[in-house]
Amino acid sequence: MASSSTLFQSSPFSLNNTKTKPYYSLPNSPKPTHFTIKSQSQPTQPQINLTQSTNNNTPTTPPPPTTKHRRPADQNIRDEARRTNISQNLFSAKYVPFNADPSSTESYSLDEIVYRSQSGDLLDVQHDLTALKKFDGAYWRNLFDSRVGKTTWPYGSGVWSKKEWVLPEIDDDDIVSAFEGNSNLFWAERFGKQFLGMNDLWVKHCGISHTGSFKDLGMTVLVSQVNRLRKMNRPVVGVGCASTGDTSAALSAYCASAGIPSIVFLPANRISIAQLVQPIANGAFVLSIDTDFDGCMQLIREVTAELPIYLANSLNSLRLEGQKTAAIEILQQFDWQVPDWVIVPGGNLGNIYAFYKGFHMCRELGLVDRIPRLVCAQAANANPLYLYFKSGWKEFKPVRAQTTFASAIQIGDPVSIDRAVHALKNCNGIVEEATEEELMDAMAQADSTGMFTCPHTGVALTALFKLRNSGVIKPTDRTVVVSTAHGLKFTQSKIDYHSKGIKDLDCQFANPPMQVKADFGSVMDVLSKYLQSKAPKYH
Ligand SMILES: Cc1ncc(COP(=O)(O)O)c(C=O)c1O
Ligand SMILES: N[C@@H](CCOP(=O)(O)O)C(=O)O
């Protein structure tokens, strides 16, 4: 198969491997050995903002409409938030080992720099559900609904409009946000009817976002927490990630917005040009490394254990707190009705768990009474979760991920494998896979109905085709496909497809431009043929 990476090799943006200095030390500080730092001092008590007064009784009435404050000309929206807040410290969250035994007492403040439990397992952010449950489902639904479509700081963000469930203790002043989230959930009417015989098919377009992917949802949370840690003089000089292109774009944008240095490890020649240029433009320190994503991930883990660089990959459970709000948003956009299926493309596997967590919290806290079944869709060229699922969850084996047009999910050893398995087992979930031909055809079919999808969405759409064909998903099932990035980030793959320039692929839905001589007769000839082929047939 011809790889779109040839373009990148010859591009002026292709970066040579750069040897980093082996060791960095903070000015005037002793050599750091490990940056898992336990809380040394109590942080200033963060405050929580509520739009209505609270007490121990469960409120049953909706919160009053947000009071309209006229903002004086010399005040910005942060000032306004400071002036109008009624602050209460009601909610809290902490890190605990992921899926820990109920008897475990291990926990960490979110102000600690820690990514793994004592036994080396993943962590999870655990919210104080007892405090959250003092408010009933109607209260939360009304509160979240009351914040949509406003520019009030920080609730204008689809993530921070759920602040009490995300990072309840952070001060509004520390939040770094581009009012991400609130992404479009649209009815894919023609695609659903024409290709799948479905009447209730929806696309949650997380790619219509600040940096063009769902990563913004998690990154606003992570960079806000870093902003807070730096104000507390914690040893965080910069923030770093390994990336297949979208995490690095989001990290560099949010860091640039807050004036925080960002460092990104990219697998050389394996990401799209649009993704590569994003961190470059946002002033990140970009290392193009001659390995794949899994190799970059290994390196960033080692480096962040030695240097004052905060880890921004989804191994860091803070990220998933932001990403889970997309699930809450889907319920909100359906007026708190629960869809039957949600299909998510999976790579490092943080997002599938984030969706599960968002839906699960809504059920736990009484906003809805059930959760949807989740489908995780993988590229066949990078399918370790699919193989694990097909083995009946017997044995997980990482794979060496092969080149795929769905380059952002070319991952063979996903860090969140345990989270993904937990999510799928607890929602009667399914894992599907898509070959290169299937994912590119599905992407082209969706585009032919007016979308402009990324190849990862093509993977999710292929899973939908397969589950419809096998009858698992029924024609009337309300189904949501999560579109994870904007198609404009992946134009080279579309160019390759529509020019039928991909070895071993038929590209059956290609729509190449027609070359026409610059004279009236030639143009009229091709147009009349085209119009005849499109004219309605009357019998
Ligand atoms: C566009 C896109 N879709 C899907 C994914 C998969 O998300 P996750 O790694 O959380 O499984 C990624 C990143 O991995 C991505 O960048
Ligand atoms: N697709 C991701 C891969 C890394 O995933 P993360 O969620 O663990 O950061 C990317 O865009 O880099």
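- The name an unreviewed UniProt entry assigns to the protein chain is threonine synthase, from the organism Trifolium pratense.
- Heading Catalytic activity (unreviewed entry) of the UniProt record for the protein chain holds this comment: "O-phospho-L-homoserine + H2O = L-threonine + phosphate".

Considerations on empty space enclosed by the protein
Step number 1: A complete count under the given rule lists 5 cavities of 30 Å³ or more for this structure.
Step number 2: In this structure, the largest cavity spans a volume of roughly 310 Å³.
Step number 3: Looking at the lining of the largest cavity, the elements with two or more residues in it are α7 (246-258), α10 (318-323) and α12 (350-364).
Step number 4: Of the residues forming the lining of the largest cavity, the biggest block, 3 residues, is contributed by α12.
Step number 5: Within the lining of the largest cavity, the residues separate by chemical class into 9 nonpolar, 13 polar and 3 charged.

Quick look at the packing of α12 against helix α14 (residues 417-425)
Helix-helix packing is described using two parameters, namely the angle between the two axes and the distance between the axes.
Step number 1: Running from amino to carboxyl end, α12 crosses α14 at an angle of 40°, the nearest separation of the two axes being 8 Å. When the interaxial angle is binned, α12 and α14 end up oblique. Both α12 and α14 take part in a crossing whose hand is left-handed. Between α12, through I352, Y353 and Y356, and α14, the contact on the second element is made entirely by R419, A420, H422, A423 and L424.

Examining the site of ligand 2
Step number 1: S243, T244, T247, S314 and R319 are the nearest of the 13 residues found near ligand 2.
Step number 2: Between D246 and ligand 2, the recorded distance is 2.8 Å, taken from a backbone N or O atom to an oxygen atom.
Step number 3: The side chain of N313 places a nitrogen or oxygen atom 2.9 Å from an oxygen atom of ligand 2.
Step number 4: Put simply, ligand 2 lies in the largest cavity.
Step number 5: For the shell around ligand 2, the class distribution of residues is 3 nonpolar, 7 polar and 3 charged.

Side note on the UniProt feature "modified residue: N6-(pyridoxal phosphate)lysine" (unreviewed entry) in the protein chain
Step number 1: According to UniProt, the "modified residue: N6-(pyridoxal phosphate)lysine" (unreviewed entry) feature falls on K215.
Step number 2: As for its position among the elements, K215 is in helix α6 (residues 215-231).
Step number 3: When neighbours within four sequence positions are excluded, K215 is seen to be in contact with D246, T247, A250 and R319.

A few points about the site of ligand 1
Step number 1: As a structural note, the neighbourhood of ligand 1 is formed by 15 residues, with D246, G347, N348, L349 and T484 the closest of them.
Step number 2: Here G347 contributes a backbone N or O atom positioned 2.7 Å from an oxygen atom of ligand 1.
Step number 3: The backbone of A408 places a nitrogen or oxygen atom 3.3 Å from an oxygen atom of ligand 1.
Step number 4: When ligand 1 is considered free in solution it has 380 Å² of accessible area, and contact with the protein chains removes 98% of it.
Step number 5: The pocket occupied by ligand 1, as judged from atoms lying within 2 Å of grid points, is the largest cavity.

Quick look at the sheet that holds strand β8 (residues 238-242)
Step number 1: An order of β10-β9-β8-β11 is seen for the 4 strands of this open sheet, with the pairing classed as parallel. Of all the strands in the sheet, the pair left with one neighbour each is β10 (285-289) and β11 (309-311). Neighbour to neighbour, the strand axes of the sheet diverge by 25° on average, direction disregarded.
Step number 2: Judged from the 4 bridges that link them, β8 and strand β9 (residues 262-267) form a sheet pairing that is parallel. Its bridge partner lying in β9, A242 is registered against F265.
Step number 3: This element, α6, spans β8 and β11 of the sheet and lies at about 145° to β11.

Here we look at helix α16 (residues 455-469)
Step number 1: Taking 1.5 Å of rise per residue, 15 residues should cover 21 Å, and α16 covers 21 Å from first to last C-alpha, within 8% of that figure.
Step number 2: A large share of α16 lies buried, amounting to 13 of its 15 residues.
Step number 3: Of the residues flanking the end of α16, it is G471, one or two places downstream, whose phi is positive at about 80°.

Observations regarding the side chain of Q378
Step number 1: Here Q378 shows up in strand β13 (residues 373-379).
Step number 2: What makes Q378 buried here is its relative accessible area of 0%.
Step number 3: From its side chain, Q378 meets the backbone nitrogen of L385 in a polar contact 2.9 Å long.
Step number 4: In contact with Q378, not counting residues within four places along its chain, are G346, G347, L349, N383, P384, L385, Y386, E432, E433, A434 and V459.

So, the packing of aromatic side chains
Step number 1: On inspection of all chains with the given rule, the structure shows 19 aromatic pairs.
Step number 2: Ring plane angle 55° and centroid distance 5.4 Å describe the contact between F191 and F195, whose orientation is recorded as tilted. Here the residue F191 and the residue F195 both occupy positions in helix α5 (residues 189-196), the gap between them amounting to 4 residues, near one helical turn.
Step number 3: On the basis of relative accessibility, which here comes to 23%, the residue F195 falls in the partly exposed class.
Step number 4: Between the aromatic rings of F389 and W393, the centroid separation amounts to 5.5 Å while the plane-to-plane angle is 70°, which identifies the pairing as edge-to-face.
Step number 5: Note on F389: relative accessible area 22%, which makes it partly exposed.
Step number 6: Geometry around Y155 places R147 over its ring, the cationic atom sitting 3.8 Å from the centre.
Step number 7: One cation-aromatic arrangement involves K494 over F452; the distance from NZ or CZ to the ring centre is 4.5 Å.

Cut-offs applied
Numbering of residues starts from 1 in each chain and follows the order in which that chain's sequence is written. Ligands are numbered from 1 and chains lettered from A, in the order in which they are written. Totals for whole chains, interfaces and linings use every residue, but because this is a predicted model, local features are given only for residues with pLDDT of at least 70 and side-chain atom pairs only at 80 or more, for both listing and counting. Side-chain numbers here rest on the full set of heavy atoms in the structure, without hydrogens or water. UniProt positions are given in the numbering used here, feature names are shortened, and annotations may be inferred rather than shown by experiment. Throughout, the protein atoms alone are placed on a 1 Å grid, and a set of points is a cavity if a 1.4 Å probe fits but cannot get out or a pocket if it is open with protein on both sides within 12 Å along at least five of seven lines; lining residues have an atom within 4 Å of a point. Grid points are joined across faces, edges and corners, and a volume is the space filled by probe spheres set on the points. Going along the chain from the N terminus, every DSSP run of H or I of four or more residues is numbered as a helix, and every run of E of two or more is numbered as a strand. Just so you know the grouping, Ala, Val, Leu, Ile, Met, Phe, Trp, Tyr, Cys and Pro go in nonpolar, Asp, Glu, Lys and Arg go in charged, and all remaining residues, Gly too, go in polar. Fitting a line to C-alpha atoms yields each axis, with helices limited to the stretch in contact; the angle taken between N-to-C directions then spans 0 to 180 degrees. Orientation labels follow simple angle bins: below 35 degrees gives roughly parallel, above 145 gives roughly antiparallel, 65 to 115 gives roughly perpendicular, and whatever is left gives oblique. For any helix crossing, the convention is left-handed if the near helix is rotated counterclockwise from the far helix by under a right angle, and right-handed if that rotation is clockwise. Pairs of residues are marked as contacts when any of their non-hydrogen atoms sit within 4.5 Å. Distances are taken per atom, and a residue is near a molecule or strand as soon as one of its heavy atoms is within 4 Å of it. A 3.5 Å cut-off defines polar contacts: any pair of N or O atoms within that distance qualifies, except that in protein one atom must be a possible hydrogen donor and the other a possible acceptor, and neighbouring residues in sequence count only when both atoms are side-chain atoms. Here the criterion for a molecule occupying a pocket or cavity is that more than half of its atoms lie within 2 Å of the pocket grid points. Each accessible area is a Shrake-Rupley result for a 1.4 Å probe, and residues are judged covered by the shown protein chains and nothing else. Pairing between two strands requires that DSSP report at least two bridges joining them. Expected span, for any helix, means 1.5 Å times one less than how many residues it has. Working definition: with a 1.4 Å probe on protein chains only, accessible area under 20% of the residue-type maximum means buried, over 50% means exposed, and in between means partly exposed. Working definition: rings of Phe, Tyr and Trp (its six-membered ring) pair if their centres are within 6.5 Å, and the pair is stacked with planes under 30 degrees apart, edge-to-face with planes over 60 apart, and tilted otherwise. Think of it as a cone above the ring: NZ of Lys or CZ of Arg counts as a charge over the ring if it is within 6 Å of the ring centre and within 35 degrees of the ring normal.

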